[in-house]
Amino acid sequence: MVVWLIVACEIGFWVLLALGLAARYLLGWRRTSVVLLLCEPVLELVLFAVTAVDLRDGAEPGWEHGLAALYIGYTVAFGHYTIRWLDGHAAHRLGGGPPPPRPPRYGRARARHEAKLWLRAVFGGAVALALLECAVRYVGDSGDVSSLRAFQWTTVRAVGIYGLIALSYTVWPRRAPAGGRAEEDGSAKDRPARTSAGNR
């Protein structure tokens, strides 16, 4: 059941996002769009509650509970970022706004951009680790928590590998093609377009 709920939450995220952007830029219903986008966090709360109830009812801790923790951590860290990014594109294509800034591609600006994304991954990983640790303590000695511990190490490894990839852009920065100009100041291009999309 938990696995299918994760799938339903992912589908629900994109459906609510599409409805929210359509209401804002196609119908001009700004308040309705805000309400729809603010419903996004409810999906994670439902998934968290169902997972907790499943463990409380005596379900053997398994990979699906670990996957639920990772999914919640990822959406907490990257959900709002994704919404703002897509809102910028929708404002441009549907609302007649300026094109959203592109992420930097070369030099120190690209390294800073990758470092910021990695910090988001660290935050998401910390959320997942905290949820997994709560599940381990909740189950206690009454069940096998090896799968939950395995997901903790998977989270640490994933964040570590991502960190090495982000660090590579600092150690070996990508250079602009001959005749091009490297982006030294990514302050404007590093951040997503400023929009009024609701938080996730």
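Residues numbered from 1 in each chain as written. Predicted model: local features only at pLDDT ≥ 70, side-chain atom pairs only at ≥ 80, totals over all residues. Heavy atoms only, no water.

**Side note on the packing of helix H4 (residues 63-93) against helix H6 (residues 146-171)**
What counts, and what does not: For helices, the fitted line uses only the C-alpha atoms of the stretch in contact; every axis is such a line through C-alpha atoms, and the angle between N-to-C directions lies from 0 to 180 degrees. Helix and strand assignments come from DSSP, with helices taken as H or I runs of at least 4 residues and strands as E runs of at least 2, each series counted from the N terminus. By the definition used in this description, the sense in which the near helix is turned from the far one sets the handedness, with an anticlockwise turn below a right angle giving left-handed and a clockwise turn giving right-handed. Residues count as neighbours in contact if any of their non-hydrogen atoms are within 4.5 Å of one another. Under the grouping applied here, Gly and all other residues not named as nonpolar or charged are polar, the nonpolar ones being Ala, Val, Leu, Ile, Met, Phe, Trp, Tyr, Cys and Pro and the charged ones Asp, Glu, Lys and Arg.
Between H4 and H6, the shortest axis-to-axis distance is 8 Å and the interhelical angle comes to 35°. The way H4 lies across H6 gives a crossing that is right-handed. For the pair formed by H4 and H6, the contact residues are Trp-63, His-65, Gly-66, Leu-67 and Leu-70 on the first element and Ser-147, Leu-148, Phe-151 and Thr-155 on the second. Of the residues in the contact of H4 with H6, the class split is 5 nonpolar, 4 polar and no charged.

**What to know about the packing of aromatic side chains**
Applied cut-off: Aromatic pairs are defined between Phe, Tyr and Trp rings, using the six-membered ring for Trp, whenever the two ring centres lie within 6.5 Å; interplanar angles under 30 degrees are classed as stacked, those over 60 as edge-to-face, and all others as tilted.
The full count for this structure, using the stated rule, is 2 aromatic pairs. Considering the side-chain rings of Phe-13 and Trp-14, the 5.0 Å spacing of their centres and the 75° angle between planes classify their relative orientation as edge-to-face. With a centroid separation of 5.1 Å and an interplanar angle of 25°, the aromatic rings of Tyr-74 and Phe-78 are classed as stacked. In this pair, Tyr-74 and Phe-78 both sit in helix H4, 4 residues apart, roughly one turn of the helix.

**Here's the deal with the pattern of salt bridges**
Our working rule: Salt bridge, as used here: a side-chain nitrogen of Lys or Arg that lies within 4 Å of a carboxyl oxygen of Asp or Glu. The classification of residues rests on relative accessible area computed with a 1.4 Å probe and restricted to protein chains. Under 20% of the type maximum is buried, over 50% is exposed, and intermediate values are partly exposed.
In total, this model carries 4 salt bridges according to the counting rule given. Measuring nitrogen to oxygen at the nearest pair gives 3.8 Å for the salt bridge that ties Asp-87 to Arg-24. Here Arg-24 lies in helix H1 (residues 2-25) and Asp-87 lies in helix H4, a separation of 63 residues in the sequence. Arg-24 shares its class with Asp-87; the two are buried. Measuring nitrogen to oxygen at the nearest pair gives 3.2 Å for the salt bridge that ties Glu-133 to Arg-137. Within this pair, Glu-133 and its partner Arg-137 are both found in helix H5 (residues 107-139), separated by 4 residues, close to a single helical turn. Residue classification places Glu-133 among the partly exposed positions, given a relative accessible area of 22%. Given the relative accessible area of 66%, Arg-137 is considered exposed. One salt-bridge network, held together by shared partners, links Glu-133, Arg-137 and Arg-149.

**What about the nonpolar core?**
Inside soluble globular proteins, nonpolar side chains tend to come together where they are buried. Rules: Only buried Ala, Val, Leu, Ile, Met, Phe, Trp, Tyr and Cys residues count toward a nonpolar core, and they belong to the same one when joined by side-chain atoms within 4.5 Å.
Ranked by internal contacts, the top residues of the largest apolar core, which has 17 residues, are Ile-6, Cys-9, Leu-17 and Leu-47. Breaking this core down by element, the ones donating at least two residues are H1, helix H3 (40-56) and H4. Ranked by the residues each element gives to this core, the list is headed by H1, at 8 residues. Grouped together as the second largest cluster of nonpolar side chains are 9 residues, Ala-69, Val-139, Val-145 and Phe-151 included.

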